[in-house]
Each structure stands twice: as structure tokens, then as C-alpha cells.
Amino acid sequence: MSENLLSTPLEALHRSLGARMVPFAGYAMPVQYPAGIIAEHNQTRQSAALFDVSHMGQAKLVGAGAAAALEALVPGDILGLKPFRQRYTLLTTASGTIIDDLMVACLPEALFLVVNASRKAVDFAHMAAHLPAGVTLAPMPDRALLALQGPKAAAVMARLAPEAAALAFMGVAETRVAGHACLVSRSGYTGEDGFEISVEADAAEGLARALLAEPEVGPAGLGARDSLRLEAGLCLWGNDIDETTNAIEAGLVWTIAKRRRAGWDFLGGAALRDILASGPARQRIGILPEGRAPARAGTEILANGTKVGTVTSGGFAPTLGAPVAMGYVESGHAEIGTSLALAVRGQLLPARVAAMPFVPHRYIR
Amino acid sequence: MSETRFTRDHEWVHLDGGIATVGITVHAQEALGDLVFVELPAAGREVAAAEACAVVESVKAASDVYAPLAGKVTENNAALAENPALANQDAEGAGWFFRMVPADPAAFASLMDRAAYDAFVAESA
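Residues numbered from 1 in each chain as written. Chains lettered and ligands numbered in written order. Predicted model: local features only at pLDDT ≥ 70, side-chain atom pairs only at ≥ 80, totals over all residues. Heavy atoms only, no water.

Draft legend 1. Main features of the overall build of chain A. Secondary structure summary: chain A contains ten helices and 20 strands in total. In terms of overall dimensions, chain A is globule-like: its C-alpha atoms have a radius of gyration of 20 Å, near the 21 Å expected for 365 residues. Judged by the C-alpha coordinates and their principal axes, chain A covers about 60 × 50 × 45 Å. Long-range contacts, defined here as pairs at least 24 residues apart, represent 65% of the contacts in chain A between residues at least 6 apart. Accessible area of chain A: about 14,000 Å², with a carbon and sulfur share of 55%. Looking at chain A, you have 31 positive and 33 negative side-chain charges, and the mean spots of the two groups are 4 Å apart. (Helix = DSSP H or I, 4+ residues; strand = E, 2+ residues; numbered from the N terminus. Rg over C-alpha atoms; globule rule 2.2 N^0.38 Å. Contact = heavy atoms within 4.5 Å. Areas by Shrake-Rupley, 256 points an atom, 1.4 Å probe, with all protein chains shown as cover. Lys, Arg positive; Asp, Glu negative; His and termini not counted. Charge placed at Lys NZ, Arg CZ, Asp CG, Glu CD.)

Dropping the structure here:
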């Protein structure tokens, strides 16, 4: 593996489990274990799987006025976020495009943020540049993040952390898991019920081993994480959303809180108000290709022989046993059921616009 | 005479009675991971040596499969097209990709034998 890659606190554990390590966002990360991506995917859908997502950025936003300060940069209702509740939101540019997507949790002493690995430097610099006096961003590089995902995740947590097992979807608790002090949220990136667990780096391997020792749990890598989130219709920053896609065309208009639509008083608010009023020129859609050939990111989407868009994520959906994709098309072609063609290796493969998620979410509300 | 030879692109070729059967090696399927799609050359297609003539896709990515020899494709493996995982489960058996009549059967001898291929894999690891 190449030079200068960062490692997570679980690197030794991954290697001892036989993981195949790949470079991802500057880190050496497990793409799969010996079971393989499809088995790890199915493990997550059918039982429970443990993912190392320690490469993601964790930080606290501290100070009176932290919530108001963050609201200047995101479309979400942060002032209305109740203690020990978490929300998905976006850091937006002045034109309403997406610097990053992130989770924000309300803790008694601070807001707790989780951002994408590839974006943490950009996000932290952007936030720091916009914060008023008295509000401080404190990155937490010495913490690991584990995700326990799947229909049996709650049964595992009930044994190791009863307080966490009692959380509702997007609830947060500071509690011990298998004896380790953790910050747990009931959330994830698979469409399944599950938990994300922030823990001190030094305790991460002990916690991971305790979770993997439970009979329902197996390790899963980034390969399964990607196929799971694609089936769940969830965006990947860098593929499906980025600084060239705005929140409206990305189908993330639901992240603009009702209260925030009264004032549109956040970076990019005026631009998003105008796009919402006039309608977006293109829209993110789900795509079901006919046949078995996957259509990968970058595949051209055509209608009546004319290019109308591009696939941004695509691959094989193990739960469906068929290919799925998402991408952007001009707004006239975004209706569910619309016939499209995908240009794969010089052939035009028939496909149609499909509702997302491709596999229903099973969150515990 | 029946013998198996290997290419630097990680294909195997089994020559038996003038017909070459072609597939990807055990090492190749391990490196690719779970296979979910194959596109195979049609019977009757003339292929040049090293021409990309089949595609294999794992969960993560698509890869080309190259003709190990010049010649004419006589048959492809419909069972593999139906169930690409056959190439994971039995790469050098039921997971074969296509059969061909080599234009120059002598070219077969220029491919690596198993010992040479194993050394090639070990070297590039």
C-alpha cells in the first residue's frame, strides 16, 4: 500500500481479520474482508455488520451562539434541535451547491459534527472562516467512529449498552458500550436500523472486538458500505453531490427546514429560494437498468437519442440481484417510469426512472 | 494432448483437440472479488491476440478480458452469463468464458505454463 496514507485506530484489527486495504480519502481502509462484498452486504441486511468509519471527521462546535452560527452556513433547523437529537444537513455555497453533507447532534455543552473524510479540511476551514467571536470549532482527531448496522444491531446493543438500544432514530446518548465511554447515535448509511459510535481512539479496538464477538455481528468494508447506501438511495459526496450540484436538483429540498424558508438567511439561501421557485433544470433520479449490466458513474443517459444526463453512482444491488444507478437528468425526463437509455461500452441499454430508495429503509422511529 | 497455459493478463487457456477454452485465473477472480456481470464474445467472432473481447464486472468495477490467442470464437458459456459467480466458485472449470479455434496453434506454446504463471503472480504481488 502506498506511501503517506493515514491509518485508523483499527488498522491492525483489519489486517488481522484478513481485510483487503485500499486507499480512500487519504486513509488505508478495508474495502472488504475474506467473506467478500456481497456476503458483507447481505450480513448487514440480514443480521448486523460492523464498519470502521474512523476516517470521517468529528468535531465540536462550542460556545454560546454555536447553533445560530451554524445556521448561517446550513439550511437545517439547528436552533430547534433538541438536546440528544441529531439531524442531517448540508454546508452550502453562496450559489446553493454542496460543500459537504454532515450530521449535527445537540449535546449539552456543544454541537457534535460528523463530516466526510475527503472534506474535513475544507469543511473545517469554511466553518472557521465564518464563525463569530465566541464560537469555536474543535476538531476531534483522536476519536474513532464505528457503525453497527443491521436489523439485529439493536439486540446487540441491548446487551452491551441498554441506554443506546432504547434510542429512537436520530437520537443520541453519551453512554458506555461494553464498558467504553462512547457517544452513540441511532443512525447510519445503509438504510438499516443501526448505530454510529464515537469512541476515544485508544478504546476503539477493544470496543470493535467486543462488538465483533457478538454472534450476530460480522465485519464489513467500504465495498458493502457503498452498495448498501446506493440501494438505500443515499447520496455520496463526490459522486452524487458536490460543489457543482445544488440542494434542490439533488433532491435534498427536505433538508431546508420550514422555519429557514421564512428568512432563507443562510449561505446560498437566496439562490436556493430562486431555484425552488423556478424549478431546477435537472434532477437527481434513481435508475433501474434492464438486463444485468451495471452502469457505472460517468455513464451517459440518453432519451430519444439525445444526451439528457449522466450516471453519478451505479453498480450491482445484491439485495435486488440486479443493477441500480442514480444520476442527474434534465427535468423533463425525471418522472418515475420514464424510459431512458444508458450508453455502456458503445451500446444503448434500456433503463427507466425508478423511485428511491431501491430497498426500503428500516429505521426505528 | 491437453494442457493449460496462462497469460500475463491472468487468463487461462486449455487446449484440447485444437479447441482452446479460455477463462480467468483463480488469482484474477480473487483480485476482482464477487463477480456480478460478464459480457462474452459471440460465436463466429474473429479475435486478434490481446484484443479485448469480454468484460467481467465485480461489485466495484468493470475489467476487460483479452483474447489469449488470435482465432475464431466457437462458443461462449451461457451458464456463466446467467451466473457470473461461477467464475468465483470454479474459475478454471465451470467458470470458463469462451471457446475458440486458434489461428496458429503453435502460438499456444509461447504462453506461460503453470509454474511460470505462479512465479509471475508471486513476483507482481
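Having seen it, we continue.
Draft legend 2. Here's a closer look at the sheet that holds strand 7 (residues 98–106) of chain A. Residues and elements named next belong to chain A. If you walk across this open sheet you meet the five strands as 6-7-8-5-9, and the pairing is antiparallel. Where the open sheet ends on each side, the last strands, each with one partner, are strand 6 (86–92) and strand 9 (136–139). Averaged over all adjacent pairs, the angle separating strand axes in this sheet is 30°, with direction ignored. In this structure, strand 5 (residues 57–62) lies alongside strand 8 (residues 110–115), joined through six bridges in antiparallel fashion. Opposite Ala59, over in strand 8, you have Leu113 as the bridge partner. (Pairing = 2+ DSSP bridges. Axes fitted to C-alpha atoms, helices over the stretch in contact; angles between N-to-C directions.)

Draft legend 3. Representation of the interface of chain B and chain A within the structure. Each side of the interface is counted separately: chain B has 17 residues, and chain A has 17 residues. Regarding the contact of chain B and chain A, the summed buried area is about 1,400 Å², with carbon and sulfur atoms giving 48% of it. Among the residues chain B hides against chain A, the three largest losses belong to Val36, Val59 and Lys60 of chain B. Together they make up 39% of the total. Summed over the shared surface of chain B and chain A, the result is four salt bridges. A salt bridge links Glu57 of chain B to Arg296 of chain A; its shortest N-O distance comes to 2.7 Å. Inspection of the region where chain B meets chain A yields eleven residue pairs in polar contact (both at pLDDT 80 or more). Secondary structure elements with two or more residues in the side of chain B that touches chain A: helix 1 (26–32), strand 4 (35–39), strand 6 (52–58) and helix 2 (78–82) of chain B. The residue inventory of the side of chain B that touches chain A, partitioned by class, reads nine nonpolar, two polar and six charged. (Buried area = accessible area lost by both parts, 1.4 Å probe. Salt bridge = Lys/Arg side-chain N within 4 Å of Asp/Glu carboxyl O. Polar contact = N/O pair within 3.5 Å; in protein donor to acceptor, adjacent residues only side chain to side chain. Nonpolar A, V, L, I, M, F, W, Y, C, P; charged D, E, K, R; others polar.)

Draft legend 4. How the structure looks around the sheet that holds strand 6 of chain B. Residues and elements named next belong to chain B. Ordered in space as 4-6-7, the three strands form an open sheet in which the pairing is antiparallel. Strands with a single pairing partner mark the edges of an open sheet, and in this sheet they are strand 4 and strand 7 (62–66). Along the sheet, successive strands turn relative to each other by an average axial angle of 25°, direction set aside. Here strand 6 runs beside strand 7; their pairing, made up of five bridges, is antiparallel. Across the sheet, the residue bridging to Val56 is Ser63, located in strand 7.

Draft legend 5. Just empty space enclosed by the protein, in detail. Residue and element names in this part refer to chain A. All told, the structure shown has three cavities of 30 Å³ or more when counted by the stated rule. Taken as a whole, the largest cavity spans an internal volume of roughly 90 Å³. Considering the residues around the largest cavity, the lining is formed by 14 residues, among which Gln86, Phe112, Val114, Ser185 and Glu196 are closest to the centre. For the lining of the largest cavity, the secondary structure elements donating two or more residues are strand 7, strand 8, strand 12 (180–185) and strand 13 (194–200). The residue makeup of the lining of the largest cavity, split by class, is nine nonpolar, four polar and one charged. The volume enclosed by the second largest cavity comes to roughly 60 Å³. Lining the second largest cavity are Leu10, Leu13, His14, Leu17, Tyr33, Leu50, Phe51, Asp52, Ala208, Leu212 and Pro219. Listed by contribution, the elements that provide at least two residues to the lining of the second largest cavity are helix 1 (11–16), strand 4 (48–52) and helix 7 (201–212). Counting residues per element, the lining of the second largest cavity draws most heavily on strand 4, at three residues. Classifying every residue of the lining of the second largest cavity gives nine nonpolar, one polar and one charged. (1 Å grid on protein atoms, 1.4 Å probe; cavity = no way out; pocket = protein on both sides within 12 Å on 5 of 7 lines; lining within 4 Å. Points joined across faces, edges and corners; volume = space filled by probe spheres on them.)

Draft legend 6. Here's a closer look at the side chain of Glu196 of chain A. Residue and element names in this part refer to chain A. By the secondary structure assignment, Glu196 is in strand 13. Among buried Asp, Glu, Lys and Arg side chains, Glu196 stands out as unpaired, with Arg225 the closest opposite charge at 4.5 Å. Each residue touching Glu196, except ones within four places of it in the same chain, is listed here: Leu145, Leu146, Ala147, Leu183, Val184, Ser185, Ser187, Gly188, Tyr189 and Arg225. (Buried < 20%, exposed > 50% of the residue type's maximum accessible area, 1.4 Å probe, protein only.)

Draft legend 7. Inspection of the layout of surface pockets at higher detail. Residues and elements named next belong to chain A. Empty space within the second largest pocket amounts to approximately 160 Å³. Looking at the second largest pocket, it is lined by 15 residues, and the ones nearest its centre are Tyr27, Ser54, Lys120, Met140 and Pro141. Among the elements of the structure, strand 5 and helix 4 (120–130) are those that each provide at least two residues to the lining of the second largest pocket. For the lining of the second largest pocket, the residue count by class is eight nonpolar, five polar and two charged.

Draft legend 8. Just the pattern of salt bridges, in detail. All names here are of chain A. Overall, the coordinates contain 28 salt bridges over all chains when judged by the stated rule. Between Arg260 and Glu71 there is a salt bridge, with its nearest N and O atoms 3.8 Å apart. Placement of the pair is Arg260 in helix 9 (residues 260–263) and Glu71 in helix 3 (residues 66–71), with a sequence separation of 189 residues. Between Arg229 and Asp240 there is a salt bridge whose closest N-O contact spans 2.8 Å. With Arg229 in helix 8 (residues 222–231) and Asp240 in the loop between helix 8 and helix 9, the pair connects residues that are eleven residues apart, well separated along the chain. Taking relative accessible area as the criterion, Asp240 reaches 0% and is therefore assigned buried. Through salt bridges with shared partners, a single network forms among Glu71, Asp77, Arg259, Arg260 and Asp265.

So far we have only geometry, and geometry alone does not tell us how the molecule works.
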